[in-house]
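Listed here are the chains, written in short residue letters.
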Amino acid sequence: MKKTVEEKAEIAKQKIDSKLQKQRQKEEKSAAKKEASANKKTAKKEAQQQKKAAKQQINSEKKDLKKQQKEAKKEAVQLKKQQKQEAKNKIKELKAKAKQGKVTEPKTEAPKEKKKEKKPAKPAKKGKKGKKGEEENASSGNGKKKLFIGLLALVFAGGGVVGFLHFRGGDKEENTDPYIEAYVLDDDFVTSIPKFLEQSETRALPEITVEETPENKQVIYDYTELKGAAKEVKDYITFLTTEKEFVPMFDFNLDAPAGYISVGTASVEEGKTLKLDIDYTDTDYKVVVSKTIEELPKPKKEDDGTDGSRDGALNYLTGVPAETLGLSKPVGEYKAIYDPGQSTVGDRTCYGISLYELGRAGTNEFVGKFFVATNQSSVFRYDSAEDTYIEVVSKASKKKEEAKPETTETELAEGAEEKEKAENTKEEKEEDEKEKDTKEETKDKETKEEEETEDKEAKEEDKKKEHQKGQKPEREETEDKKTKAKAERP
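A quick note: this is a predicted structure, and the numbers were derived from the prediction, not measured.

S.K.: Quick one: what's the story with the overall build of the chain, residue by residue and with numbers?
M.R.: Summing up its helical and strand segments, the chain has nine helices and 14 strands in all. Sorting the 490 residues of the chain into buried and exposed places 22% on the buried side.

S.K.: Requested: an account of the sheet that holds strand β8 (residues 285-292), with residues and values cited.
M.R.: In space, the six strands of this open sheet follow the order β3-β4-β8-β7-β6-β5, with antiparallel pairing throughout. Across the chains shown, the open sheet's two edge strands, defined by having one partner strand only, are β3 (207-212) and β5 (247-248). Sheet topology note: the strand β4 (residues 217-223)/β8 ladder contains six bridges and is antiparallel. Residue pairing in the sheet places Tyr223 in a bridge with Tyr285 of β8. Of the strands in this sheet, β5, β6 (259-266), β7 (273-280) and β8 touch helix α5 (residues 229-243), which is tilted by about 160° from β7.

S.K.: If you had to explain the nonpolar core to someone new, which residues and values would you point to?
M.R.: If you look at the biggest cluster of nonpolar residues, it comprises 47 residues, and the most contacted ones within it are Tyr183, Tyr236, Ile237, Leu240, Leu276, Tyr285 and Val287. Looking at this core, the element that brings in the most residues is α5, giving seven residues. Tyr285 has contacts with Ile193, Arg203, Tyr221, Asp222, Tyr223, Leu226, Ala229, Glu232, Val233, Ile278, Asp279 and Tyr280, leaving out every residue within four places of it along the chain. Membership of the second largest hydrophobic core comes to five residues, among which are Val345, Cys350, Ala373 and Phe380.

S.K.: I'd like a rundown of the pairing of β7, residues and numbers included.
M.R.: The buried count for β7 comes to seven of eight residues, which makes it a mostly enclosed element. In terms of strand pairing, β6 meets β7 through eight bridges, oriented antiparallel. What sits directly across from Ser262, in β7, is Asp277. Hairpin connection of β6 to β7: six residues between the antiparallel strands, including Gly271 at a positive phi of 80°. Strand direction decides the pairing type here: β7 and β8, joined by eight bridges, are antiparallel. Within the sheet, the bridge partner assigned to Ile278 lies in β8 and is Val287.

S.K.: I'd love a proper account of the pattern of salt bridges, names of residues and values included.
M.R.: Opposite charge on two side chains permits them to pair, given that their charged atoms come into close proximity. Per the counting criterion, the structure on display carries 15 salt bridges. The residue Lys195 makes a salt bridge to Glu181 at a minimum N-O spacing of 3.1 Å. Residue Lys195 is located in helix α4 (residues 193-196), and its partner Glu181 is located in helix α3 (residues 178-181); the two are separated by 14 residues in the primary sequence. Among the ionic pairs, Lys291 bridges to Asp186, the shortest N-O distance being 3.3 Å. Taken together, the residues span a long stretch of sequence, with Lys291 in strand β8 and Asp186 in the loop between β1 (182-185) and β2 (188-191) at a distance of 105 residues. Asp186 sits in the partly exposed class, given a relative accessible area of 48%. One continuous salt-bridge network, built from bridges that share partners, spans Asp186, Asp188, Lys217, Glu269, Lys272 and Lys291.

S.K.: Break down α5 for me, citing the residues and quoting the values.
M.R.: In this model, α5 (15 residues) spans 21 Å end to end at C-alpha, consistent with the 21 Å of a helix rising 1.5 Å per residue. Residues of α5 that are buried make contact with β1, β2, α4, β6, β7 and β8. After α5 finishes, the residue Glu245 shows a positive phi value of roughly 60°.

S.K.: Mind laying out the pairing of strand β14 (residues 388-394), listing which residues take part and the relevant values?
M.R.: One face of the sheet, then the other: side chains in a regular strand alternate in exactly this way. Pairing analysis gives six bridges linking strand β13 (residues 378-383) to β14, with the strands arranged antiparallel. Bridge assignment links Val379 to a residue of β14, and that residue is Val393. Hairpin geometry of β13 and β14 is characterised by an intervening segment of four residues between the two adjacent antiparallel strands and by a positive phi of about 55° at Asp387.

S.K.: Account for unusual backbone geometry, with residues named and values stated.
M.R.: The phi dihedral of Glu225 is positive, around 55°, even though this residue is not glycine. Within the element layout of this structure, Glu225 appears in the loop between β4 and α5. The exposed category is assigned to Glu225, whose relative accessible area is 55%. Here Asp387, not a glycine, exhibits a phi torsion of approximately 55°, which is positive.

S.K.: Before we move on, could you go through the packing of aromatic side chains and cite the residues and values that matter?
M.R.: One pass over the structure, following the stated rule, counts ten aromatic pairs. Measuring from ring centre to ring centre gives 6.0 Å for Phe250 and Phe252, while their planes differ by 85°; the resulting arrangement is edge-to-face. Consider the rings of Tyr356 and Phe366, whose centres lie 5.6 Å apart with planes at 70°: the pair is edge-to-face. Linking Tyr356 in strand β11 (residues 348-358) with Phe366 in strand β12 (residues 364-373), this pair joins segments that are ten residues apart in sequence.

S.K.: Explain the side chain of Ser262 residue by residue, including any values.
M.R.: Along the chain, Ser262 falls in strand β6. We classify Ser262 as buried; its relative accessible area is 1%. A polar contact is formed between the side chain of Ser262 and the side chain of Asp277, at a distance of 2.5 Å. Each residue touching Ser262, except ones within four places of it in the same chain, is listed here: Val247, Pro248, Met249, Phe250, Phe252, Lys275, Leu276 and Asp277.

S.K.: So, a positive patch on the surface: which residues are in play, and what are the values?
M.R.: Residues Lys15, Lys19, Lys22, Lys26, Lys29 and Lys33 make up a contiguous surface patch of positive charge. Examined against the element boundaries, Lys19 turns out to sit in helix α1 (residues 5-118).

S.K.: Before we move on, can you summarise a negative patch on the surface with the specific residues and values?
M.R.: Taken together, Glu423, Glu427, Glu428, Glu430, Glu431, Asp432, Glu433, Glu435, Asp437, Glu440, Glu441 and Asp444 make up a surface patch of like negative charges. Tracing the backbone shows Glu427 in helix α9 (residues 409-488). With relative accessibility at 44%, the residue Glu427 sits in the partly exposed group.

Parameters and conventions
- Residues numbered from 1 in each chain as written.
- Predicted model: local features only at pLDDT ≥ 70, side-chain atom pairs only at ≥ 80, totals over all residues.
- Heavy atoms only, no water.
- Helix = DSSP H or I, 4+ residues; strand = E, 2+ residues; numbered from the N terminus.
- Buried < 20%, exposed > 50% of the residue type's maximum accessible area, 1.4 Å probe, protein only.
- Pairing = 2+ DSSP bridges.
- Contact = heavy atoms within 4.5 Å.
- Axes fitted to C-alpha atoms, helices over the stretch in contact; angles between N-to-C directions.
- Core = buried A, V, L, I, M, F, W, Y, C linked by side-chain atoms within 4.5 Å.
- Salt bridge = Lys/Arg side-chain N within 4 Å of Asp/Glu carboxyl O.
- Expected span 1.5 Å × (residues − 1).
- Phe/Tyr/Trp six-rings, centres within 6.5 Å; stacked < 30°, edge-to-face > 60°.
- Polar contact = N/O pair within 3.5 Å; in protein donor to acceptor, adjacent residues only side chain to side chain.
- Patch = residues over 30% accessible without salt bridge, like charges linked within 9 Å, V, L, I, M, F, W, Y side chains within 5 Å.
- Areas by Shrake-Rupley, 256 points an atom, 1.4 Å probe, with all protein chains shown as cover.
- Lys, Arg positive; Asp, Glu negative; His and termini not counted.
- Charge placed at Lys NZ, Arg CZ, Asp CG, Glu CD.

Rendered as structure tokens:
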């Protein structure tokens, strides 16, 4: 059925409307995209501004903290100077009092001794005055004893003050402090870093904090704003390990510009170890002095090549597959942050490493936390939901797996020989088959070439025959033409 004009017009209108709708939809989509891009740009700008503001706040807070620290240090220096001056004044007063006692008391006794020398000139009254002289001598002897006892008391008092000032930093000759001269914990002590560097008189006092629990006690010395701190730590640790019978608690790299070091020695208290943990960079370091039940490590017979530093622990963790750790990506693709110091998981000393992933808004999203043993014997994954430590990697299982093939070395050697023989036979068979194939191919080629040459010769002969057949009628026509021309001539 043919469509009428009206129907055609309606169809055309419908097509036009659909096109217009599509155009409107496209325009709306483009407008929405533009709005979304503009919103993204504004959001980025706002985020950048917020970051800048946060950075500025952090910088200002850091500056304020630095100012406060400087002021606190200045106040500490002033207090120390005042204490030193007060101690000096007390010592001067004690010395002056001691000198006055020595000068004034002999003056009262000197004239009596002169009188004693004059009295023997009168012989008549010798008996009575002799008794008086003896009494005077006895009284003078008693006075001397009292004076000597008083001087001894003053000396002991002065010695006590000097000893007190020795530990509080009072005199120039003994300008020392127990926190600078030695690291002391109960009955144990060890030479401090400033004393080892011969800077106990010039080096500023560190920030000292004491952390005490029923089980453990530790003292933390925090040294800041230093130059070449890593070298100081290196020299100090070599001094302890070579001259003071300290032993490394784990393997560490002294040449690293920053890191964590732990050394220990037998404590005065039986069954305990005096331990020094140093967390250092090139500008500061913390010295943690503690006593633990942890035993000193036994001397190694052979170097197993494990790096017992924090970086070594991270390198070992990166070598573990992501599937065993329960991660979606390898460890190297995450951001790793170390925990300060060390922690114990079970009976192992470990480094804590937290992994973060960079989020969309530029923030770090927590992925997981792992603890790697200092000797790299095991790796634990911390389950925050159940507050448990799951051992993910253990070197004991690996050693068992590695020990199995050692018992079957002969079997492996025999199997390898059999494999080599089988491979040799296979190669020989393959070479024979290849030679056969090449021979057959050459034969086929030769037969094909012969057939092709025969075909070519046959075709050439056919062409010659056809050519000869085509030339005969042409000769007959030329002879007929010649005969007609002779007959036409008069």
